[in-house]
Amino acid sequence: MADPEKNGVSMPTHPVRVVHNNSNSVGTIFSDHGKFVDDYSAKELRSRHTSAALSDLEGQKPAEPRRKRFAHFRYNVFTVYRRLFTFVMIVNLACFIYVMVSKRQLVALVDATAVNLVACGLARHPMVINGIYRVVCSLPRSAPLCLRRMAAKAAHYGGVHSGCGVASLIWYIGFVSMVSKVYWTSSPISTLSNVKFTAAPIAIAYIILFLLFVMVVVAYPSFRRKMHDYFELTHRFTSWIILALFVALLMLFAHEVSTAQKQTMGYFLITLPAFWLLIAAIVAVVHPWLLLRKVPVEPEPLSSHAVRLSFNHTPISFAKGIQVTKNPLRDWHSFAGFPDPLPEPVEEPTPEAAPEPASEPAPGRQSAQFKKGHRRSFSIVVSKAGDWTADTIENPPKELWKRGSLMRGVGYGLRLFNRIIIVTTGSGIGPCLGFLGDENRPAIKVIWQTRTPEKTYGQDVIDLVHKMGPDPIIWDTSVMGRIDMIPMVRQQYKEFNAEAVFVISNPSMTQKIVYDFESQGIPAYGPIFDS
């Protein structure tokens, strides 16, 4: 989810120190500049039952950390995503060389196109994505850190998706070129007969080629970031049209080639790998839509900036999210979910003491006995980051559409580590709460920088943050201004003896923090544009 903090806030005029009061059961956010500056040492703070202070982080001018060789190339240019993309392209290049020296070039080009299209589609199927995370992140925490830090990069699976998509276009260009040559030269399809291609398969082939070009262009990262809604709609409807046209093209191709080779069309199809691969591609695309449902939603307004939506149609597990929309044919939005806490059991009043009257819940909060607190109940936090989210906050829905199954995300990789730091800003705290879905989760230290957290997200969310790990650091930017979080995170990483850092923030902040730590050899992870 996007960071709601869009406007810049001035930096504090003097160093500040933020502490979290451990003696308060519901949590305290200290935001007074002068109250904790200069007069308290770490020893004095500990004597007052407070966590380790963040002393004068903004006033420090640390030396430039030593980075790995070629750090910019390794972690900004040739990322794991691009390495997977490159690997897919190299494999396809090797296959292309083999096909060019074979005798069945035309059929091989059809099959190679189909293989890449199927792989491209499966790499976006929720069950396949869940399987990737389950397998890759199944290493025990006793495994060497070097293996675990590589496995936690499972979120870069999109490199396979984009690599297969581009490769399928290249293979298809080769197929169209060969078919066009045969057609325009009026050459027979096979040496066994004088049958030639008609205009119908050629016309369909060129339409598919144009649509594939459109899909590749709109999927380019810069276009996708700036015009995401157009990308999503174009990608979805174009892929449906391409699949339908591929069915028509395959039938025409099979009819004319089988006639030229003096075979029955049925025999030709069942012996053509592209036929079965096309069926697999159709199943991969259709299956999530077969699970399309309109599910009830229980909204809980948190503020004019955020709303909490609760679902009870299915239980949620660790680090999973849901895709929802108000119109199934328009834009879909993904949110990480977190399990709702079970309500405390209600004690029966004793005969001697009359029950106390129930107090009214605080504004913007639900009662502790709210019906969403059961084993199948989970929530998402929606904050204002666009037209859809703004409308959802202003007009909270009672029902939403969902499709497919709940899908794992980048946070699933944190179960590979024993101790981690979670860094988040604004509404990024929503996905982080999804980590509550695993009792075997690692020890967690939360660092959350946001504006007026209690006013914007409510005390219930603050309480959930405290359940994630001891002494979370909550930095109120409305009072103390924004800071460079890297010195704070670096200090906490050392003090907490963490093994990795996970960042859930806006793209620029995520990339900055992840690069800073990875370039120093510290495992760091965050969502990428294609995760």
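Predicted, not measured: the structure shown is a model, and the values here were computed from it.

What counts, and where the lines are drawn
Residues numbered from 1 in each chain as written. Predicted model: local features only at pLDDT ≥ 70, side-chain atom pairs only at ≥ 80, totals over all residues. Heavy atoms only, no water. UniProt positions renumbered as here; feature names shortened; annotations may be inferred. Helix = DSSP H or I, 4+ residues; strand = E, 2+ residues; numbered from the N terminus. Expected span 1.5 Å × (residues − 1). Buried < 20%, exposed > 50% of the residue type's maximum accessible area, 1.4 Å probe, protein only. Phe/Tyr/Trp six-rings, centres within 6.5 Å; stacked < 30°, edge-to-face > 60°. Contact = heavy atoms within 4.5 Å. 1 Å grid on protein atoms, 1.4 Å probe; cavity = no way out; pocket = protein on both sides within 12 Å on 5 of 7 lines; lining within 4 Å. Points joined across faces, edges and corners; volume = space filled by probe spheres on them. Nonpolar A, V, L, I, M, F, W, Y, C, P; charged D, E, K, R; others polar. Pairing = 2+ DSSP bridges. Axes fitted to C-alpha atoms, helices over the stretch in contact; angles between N-to-C directions. Parallel < 35°, antiparallel > 145°, perpendicular 65-115°, else oblique. Left-handed = near helix turned anticlockwise from the far one by under 90°. Salt bridge = Lys/Arg side-chain N within 4 Å of Asp/Glu carboxyl O. pLDDT = per-residue confidence, 0-100.

Structural notes on the UniProt feature "transmembrane region" (unreviewed entry) in the chain
Cross-referencing UniProt, the feature "transmembrane region" (unreviewed entry) maps to residues 84–101, 154–179, 199–221, 233–254 and 266–292 in the present numbering. Secondary structure content for residues 199–221 is 91% helix and 0% strand, while the C-alpha to C-alpha distance between its ends is 36 Å. What you have in residues 233–254 is 100% helix and 0% strand, and the ends, taken at the C-alpha atoms, are 31 Å apart.

Describing helix H7 (residues 158–184)
Here H7 spans 39 Å end to end across 27 residues, near enough to the 39 Å set by a 1.5 Å rise per residue. Downstream of H7 by one or two residues, Ser186 has phi in the positive range, about 55°.

Quick look at unusual backbone geometry
With phi around 55°, Ser186 is a residue other than glycine that occupies positive phi space. A relative accessible area of 42% means that Ser186 is categorised as partly exposed.

Describing the packing of aromatic side chains
According to the stated counting rule, one finds 22 aromatic pairs in the structure shown. Geometrically, the ring pair formed by Phe275 and Trp276 is edge-to-face, given 5.1 Å between the ring centres and 75° between the ring planes. A relative accessible area of 19% places Phe275 in the buried class. Residue class for Trp276 comes out partly exposed when judged on its relative accessible area of 47%.

Brief notes about helix H18 (residues 507–518)
Across its 12 residues, H18 extends 16 Å between first and last C-alpha, which sits within 8% of the 16 Å expected from 1.5 Å per residue. Along H18, the positions that sit buried rather than exposed are Met509, Thr510, Ile513, Val514, Tyr515, Asp516, Phe517 and Glu518. The inward-facing, buried residues of H18 contact helix H2 (71–77), strand E10 (419–425), helix H17 (485–495), strand E13 (500–504) and strand E14 (524–525).

Comments concerning empty space enclosed by the protein
Tallied over the full model, the rule gives 1 cavity of 30 Å³ or more. In this model, the largest cavity occupies a volume close to 30 Å³. Around the largest cavity, the lining residues are Phe175, Val179, Phe197, Pro201, Ala205, Leu249 and Phe253. Broken down by secondary-structure element, the contributors of at least two residues to the lining of the largest cavity are H7, helix H8 (199–218) and helix H10 (228–260). Here the residues of the lining of the largest cavity are counted per class, giving 7 nonpolar, no polar and no charged.

Considering the sheet that holds E13
Taken in spatial order, the 5 strands make up an open sheet running E12-E11-E10-E13-E14, and their pairing is parallel. Across the chains shown, the open sheet's two edge strands, defined by having one partner strand only, are strand E12 (473–476) and E14. With 7 bridges connecting them, E10 and strand E11 (residues 443–450) associate as parallel partners. Within E11, the residue paired with Ile421 across the bridge is Lys445. Across the face of the sheet, helix H15 (residues 453–468) comes into contact with E10, E11 and E12 while running at roughly 170° to E11.

A word on the packing of helix H4 (residues 105–122) against helix H12 (residues 273–290)
Helix-helix packing is characterised by the crossing angle of the two axes and by the distance between the axes. Direction vectors running N to C along H4 and H12 enclose 20°, while the axes themselves pass 9 Å from each other. Between H4 and H12, the crossing angle belongs to the class labelled roughly parallel. For the pair H4 and H12, the crossing hand works out as left-handed. For the pair formed by H4 and H12, the contact residues are Val110, Asp111, Ala114, Val115, Val118 and Leu122 on the first element and Pro273, Ala274, Leu277, Ala280, Ala281 and Ala284 on the second. By residue class, the composition of the contact of H4 with H12 is 11 nonpolar, no polar and 1 charged.

Examining the pattern of salt bridges
As enumerated under the stated definition, the model contains 7 salt bridges in all. A salt bridge links Arg308 to Asp340, with the nearest nitrogen and oxygen atoms 2.8 Å apart. In this pair, Arg308 sits in strand E3 (residues 306–311) while Asp340 sits in the loop between strand E6 (338–339) and strand E7 (378–383), placing the two residues 32 residues apart along the sequence. The burial state of Arg308 is the same as that of Asp340; both residues are buried.

Side note on the confidence of the model for the chain
Looking at the chain as a whole, its pLDDT mean stands at 81, while 80% of the residues score no less than 70. Within the chain, strand E8 (residues 399–402) carries the highest mean pLDDT (94), whereas helix H1 (residues 42–47) carries the lowest (34). In the predicted structure, residues 30–55 sits below a pLDDT of 50 and forms 54 contacts with residues beyond four places in sequence or in another chain.

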